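Structure at a glance
Here is how the chains run, residue by residue.
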Amino acid sequence: MTSPRRIAVVTGAGSGIGRAVALGLGEAGWSLVLAGRRPDALAETAARTTAETMATACDVTDEQAVDALFDAGLARFGRIDLLFNNAGISTPPVPLDELEVARIRALLDTNILGSLLCARAAMRAMKRQAPQGGRIINNGSISADRPRPHSAPYTASKHAITGLTKAIALDGRAHGIAACQIDIGNAVSEMSAALAQGALQPDGRVLAEPRMDVAHVARMVVHMAGLPLEANIPFATIMATAMPLYGRG
């Protein structure tokens, strides 16, 4: 079934930032293709929006699963106008030399390979559809600019996302594909819960850090997504005002 509404694929849509952005896009009139590893969590996200929605369990590190996700979205809606490339994980905040290689590999597979596979599938769809084009918004991090202590794998992965964003912006230009990156600092989510209890600072202190409502992130992404393709916000940072970012490095 082809819908006249704009169609968004949201990865990591079962919780946190992904869920908040999916709900925000739904409120703004987008139809949604929700992706994540947990069918029950995706169903809960879908139940909280009145948008036209389909939910598909997907491991973003699996090429066939990602291709099937986008094929299903195209079969249902006829086109893909937006990818919010959001799925990601972190590692425990321990020194790199104490971190198991299996954890490092899992993070790099999810944060880098997963983002590449989803962008690859989105670009393929956006090039072939008529009218051509679309937008890819990558979820970066403030760690794409400056690291936290003991965050080497996560920081490396988010630097890679910055490179991916710039490459898509270049390669997508001839096909009407816009690329954006949103760098988020201390939005309330499962991943940031430990920050409210105490996070290691560069000077060795452990301090509780302020966080902001994830709804602010959703509003920013909805704004970026809603721009006409002739306009773009390549990079945006949204963060808790009082978090200790500046001065960190």
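Just above, that's the structure.
Read on for a plain summary of the structure. (Residues numbered from 1 in each chain as written. Predicted model: local features only at pLDDT ≥ 70, side-chain atom pairs only at ≥ 80, totals over all residues. Heavy atoms only, no water.)

Turning our eyes to something else, we now look at the sheet that holds strand E9 (residues 235-239). Within the open sheet, the seven strands sit side by side as E3-E2-E1-E4-E5-E6-E9. Their pairing is parallel. Each edge of the open sheet carries a strand with a single partner, namely strand E3 (53-57) and E9. Pairs of neighbouring strands in the sheet enclose a mean axial angle of 15°, with direction left out of account. Direction of pairing for strand E5 (residues 134-139) relative to strand E6 (residues 177-185): parallel, over a ladder of six bridges. Counted as the bridge partner of isoleucine 136 is alanine 179 from E6. Strands strand E4 (82-85), E5, E6 and E9 of the sheet are contacted by helix H5 (residues 152-172), whose axis makes an angle of about 160° with E6. Along the sheet, helix H7 (residues 214-226) contacts E4, E5, E6 and E9; its crossing angle with E6, the most-contacted strand, is approximately 165°. (Pairing = 2+ DSSP bridges. Helix = DSSP H or I, 4+ residues; strand = E, 2+ residues; numbered from the N terminus. Axes fitted to C-alpha atoms, helices over the stretch in contact; angles between N-to-C directions. Contact = heavy atoms within 4.5 Å.)

Here we take up the pattern of salt bridges. Summed over the entire model, instances satisfying the criterion amount to 10 salt bridges. In this structure, the salt-bridge partner of aspartate 67 is arginine 120, at a minimum N-O distance of 3.9 Å. Of this pair, aspartate 67 sits in helix H3 (residues 63-77) while arginine 120 sits in helix H4 (residues 101-128), and the two are 53 residues apart along the sequence. Judged by relative accessible area, aspartate 67 falls into the buried class, the value being 19%. Shared partners join several salt bridges into a network, and the residues in it are Glu63, Asp67, Arg120 and Arg124. (Salt bridge = Lys/Arg side-chain N within 4 Å of Asp/Glu carboxyl O. Buried < 20%, exposed > 50% of the residue type's maximum accessible area, 1.4 Å probe, protein only.)

The terminal C-alpha atoms of helix H1 (residues 16-27) lie 17 Å apart, and with 12 residues this matches the ideal 16 Å at 1.5 Å per residue to within 8%. In terms of residue burial, H1 counts as a mostly covered element, since 10 of its 12 residues are buried. By the burial criterion, the buried members of H1 are Ile17, Gly18, Arg19, Ala20, Val21, Ala22, Leu23, Gly24, Leu25 and Gly26. Backbone geometry just after H1 places glycine 29 at a positive phi near 100°. (Expected span 1.5 Å × (residues − 1).)

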